[in-house]
Amino acid sequence: PKLKPGKPVRILHLGDLHIERITARERQLNRLIDDLRPDLILFSGDVINLSYVEDPQAWQAAREILSQWKAPGGVYVVAGSPAVDLEEVFPRLVTGLPHTWLKEDLVTVTINGQDLNLIGLTCTHRPFLDSPRLQALTARSNDNFTILVYHTPDLAPNASNTGKIDLQVSGHTHGGQIRLPWFGALFAASLYGKRFESGRRQLSSMTLYVTRGIGLE
């Protein structure tokens, strides 16, 4: 109900790139992004693979891939897991690129006549620490349709309880990585187990979407 009638806004949500070197996977990814022509790109963190986080060649590969992401409404990124998107490394990956790093920030973008609020929060994997910071940001928001970009789905119950977030986009779980037919993930890296393993979930009036990610870990 917060959205106006008219041309829809096409949002591309990406997560968990986990790059080491540029391979056929990354090249195909960027071809698909070009073909989709989204209005807005949101990235929910984890750029480098864990064992490569201090590898300058991996940093350069990441910057090359990220630099090719383009959308009329912009590209917005948040840092992922603290062990993956290191505090001292993540700025090297995104600074100078034509992207916006949402670091404890709220911005408003206008796309196809729609005013959207974007909230980006750095993940600590401790919802009891991150929830008060989210509440402080939502206290500044208005009645626009509001999207939270946050690495893990574990903040979703807290985000829903604010009554201000309409859509949360997250990743981190990789859909469990190992999945069985009809059962899904054998294990999901979430405080809530399989509840938020992947895909779309509805929490009261808030929609959560959990991507399975581009890479693996």
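Before reading further, recall that the structure is shown in the block above.
Residues numbered from 1 in each chain as written. Predicted model: local features only at pLDDT ≥ 70, side-chain atom pairs only at ≥ 80, totals over all residues. Heavy atoms only, no water.

Chemist: Looking at this model, I keep getting lost on the layout of surface pockets. Mind explaining?
Modeler: Where empty space is left in the structure can be found by rolling a water-sized probe over the atoms. Taken as a whole, the largest pocket holds about 280 Å³ of empty space. Those elements that place two or more of their residues in the lining of the largest pocket are β1 (11-14), β6 (114-120), β7 (145-149) and β8 (167-170). The class makeup of the residues in the lining of the largest pocket is ten nonpolar, four polar and two charged. Of the pockets and cavities examined, the second largest pocket occupies roughly 210 Å³. Considering the residues around the second largest pocket, the lining is formed by 13 residues, among which A79, D85, E87, W101 and T122 are closest to the centre. Considered class by class, the residues forming the lining of the second largest pocket number seven nonpolar, three polar and three charged. (1 Å grid on protein atoms, 1.4 Å probe; cavity = no way out; pocket = protein on both sides within 12 Å on 5 of 7 lines; lining within 4 Å. Points joined across faces, edges and corners; volume = space filled by probe spheres on them. Helix = DSSP H or I, 4+ residues; strand = E, 2+ residues; numbered from the N terminus. Nonpolar A, V, L, I, M, F, W, Y, C, P; charged D, E, K, R; others polar.)

Chemist: Teacher, can you tell me more about the pattern of salt bridges here?
Modeler: Here the structure, examined in full by the defined rule, presents seven salt bridges. A salt bridge links D166 to K2; its shortest N-O distance comes to 3.1 Å. Here the residue D166 occupies a position in the loop between α5 (156-162) and β8, and K2 occupies one in the segment before β1, the gap between them amounting to 164 residues. For K2, a relative accessible area of 36% puts it in the partly exposed group. One salt bridge connects E26 with R25, and the closest N-O pair in it is separated by 2.7 Å. The class of E26 is buried, set by a relative accessible area of 1%. Each of the salt bridges in this network shares a partner with another, and the network as a whole consists of E104, D130 and R133. (Salt bridge = Lys/Arg side-chain N within 4 Å of Asp/Glu carboxyl O. Buried < 20%, exposed > 50% of the residue type's maximum accessible area, 1.4 Å probe, protein only.)

Chemist: Before we go on, may I ask you to explain helix α4 (residues 127-138) in this structure?
Modeler: Note on helix geometry: an α-helix contains 3.6 residues per turn, so any two residues three or four positions apart are oriented the same way. For α4, built from twelve residues, the straight-helix expectation of 16 Å at 1.5 Å per residue is met to within 8% by its first-to-last C-alpha distance of 16 Å. Burial in α4 covers these residues: P127, D130, S131, L134, L137 and T138. Taken down its axis, α4 places every buried residue within 120° of arc, on the same side. Turning to α4, the residues buried within the fold contact β5 (105-111), β6, β7 and α5. (Expected span 1.5 Å × (residues − 1). Arc of directions from axis to C-beta. Contact = heavy atoms within 4.5 Å.)

Chemist: In this structure, what is going on with a nonpolar patch on the surface? I would like to understand it.
Modeler: On the surface, a cluster of nonpolar side chains totalling about 540 Å² of accessible area is made up of I178, L180, F183, L186 and F187. Among the structural elements, I178 can be located in the loop between β8 and β9 (179-180). (Patch = residues over 30% accessible without salt bridge, like charges linked within 9 Å, V, L, I, M, F, W, Y side chains within 5 Å. Areas by Shrake-Rupley, 256 points an atom, 1.4 Å probe, with all protein chains shown as cover.)

Read these as spatial facts, not as claims about activity.
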